[in-house]
Each structure stands twice: as structure tokens, then as C-alpha cells.
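# Summary of the model geometry
Chain by chain, the residues:
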Amino acid sequence: PGSSMEAKFMNRSHHWVEYRRYVRLCPPDLQDGAQLAMVLRDVCSYEVAAEVLGNLDPKALLQGSVGPAEPQSKNSQLRARVAAGSYTQDGSRIEVRVSMGGDQYFLA
């Protein structure tokens, strides 16, 4: 079956991974009005994500000055998956723009 697309994909295997995106929107900064956000993408529970995001400073994360956590701990692995950036709000619409490494992400 040279032209059948079903035959070409019949022997391929797929690995489906489900994950969640946890977003922390910080209150506007009193000094400069910056609206900072952090996003964690992982399969972890809400409680674990809340602990990780609650213990990070988004300004320090943006500047790259967050020190490493305990080596090989679950939280240090999750901290490595946190992206920081900013958000804007227009009525009920919230747009989040974060970066991780050289990649930019947009959530609305």
C-alpha cells in the first residue's frame, strides 16, 4: 500500500503525556506597577505546584538569580520547569507572556 496514509502510520507508536499548566499571577508591584506571572508545566498535583510557585520570587526568576534548591529534590526539578514573565488584564481577559531559555510563550 504505497499511497495509503493509514498504512504508513499503522506501525508507528505514540506516547501521550497529559500535563497541567499552573499559573501564579502576582499583584501589581507598588513601585513600578509591573504585573508578574509564573507558569509551571507539569503533571504534579495542585498542592505541590502551589508550594513551588509560592516559594519563588518572580523578579529573581526573571533576573536568573534564583539559587538552586536541594540537589535531586522533586522541588528542584519542578523549579527548573517554571517560566516567568508578565501579564496584562483587559476586563475578564488575562494574557500571560513568559519566557524560558530562548523560548517565548503566550497564554490567554
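### Some thoughts on the overall build of the protein
- A count of helical and extended segments in the protein gives four helices and five strands.
- Taken from the N to the C terminus, the helices and strands of the protein come in the order α-β-β-α-α-α-β-β-β.
- Looking at the 108 residues of the protein, the share that counts as buried comes to 26%.
- In the protein, 42% of the contacts between residues at least 6 apart in sequence involve partners at least 24 apart.
- When the accessible surface of the protein is totalled, it reaches about 8100 Å², and 50% of it is carbon and sulfur.

### Some points on the packing of aromatic side chains
- Evaluation of the coordinates by the stated rule reveals zero aromatic pairs.
- Directly above the ring of Tyr19 sits Arg41, whose terminal nitrogen or CZ lies 4.4 Å from the centroid.

### Some thoughts on the pattern of salt bridges
- Scanning the entire structure with this criterion turns up four salt bridges.
- For the salt bridge of Glu95 with Arg93, the shortest nitrogen-to-oxygen distance reads 2.8 Å.
- Residue Glu95 is classed as partly exposed on the basis of its relative accessible area, which comes to 21%.
- The class of Arg93 is partly exposed, set by a relative accessible area of 44%.
- Its salt-bridge partner being Arg97, residue Glu95 comes within 4.0 Å of it at the nearest N-O pair.
- Given a relative accessible area of 49%, Arg97 falls into the partly exposed group.
- One network of salt bridges, in which partners are shared, links Arg93, Glu95 and Arg97.

What counts, and at which threshold
- Residues numbered from 1 in each chain as written.
- Predicted model: local features only at pLDDT ≥ 70, side-chain atom pairs only at ≥ 80, totals over all residues.
- Heavy atoms only, no water.
- Helix = DSSP H or I, 4+ residues; strand = E, 2+ residues; numbered from the N terminus.
- Buried < 20%, exposed > 50% of the residue type's maximum accessible area, 1.4 Å probe, protein only.
- Contact = heavy atoms within 4.5 Å.
- Areas by Shrake-Rupley, 256 points an atom, 1.4 Å probe, with all protein chains shown as cover.
- Phe/Tyr/Trp six-rings, centres within 6.5 Å; stacked < 30°, edge-to-face > 60°.
- Lys NZ or Arg CZ within 6 Å of the ring centre and 35° of its normal.
- Salt bridge = Lys/Arg side-chain N within 4 Å of Asp/Glu carboxyl O.

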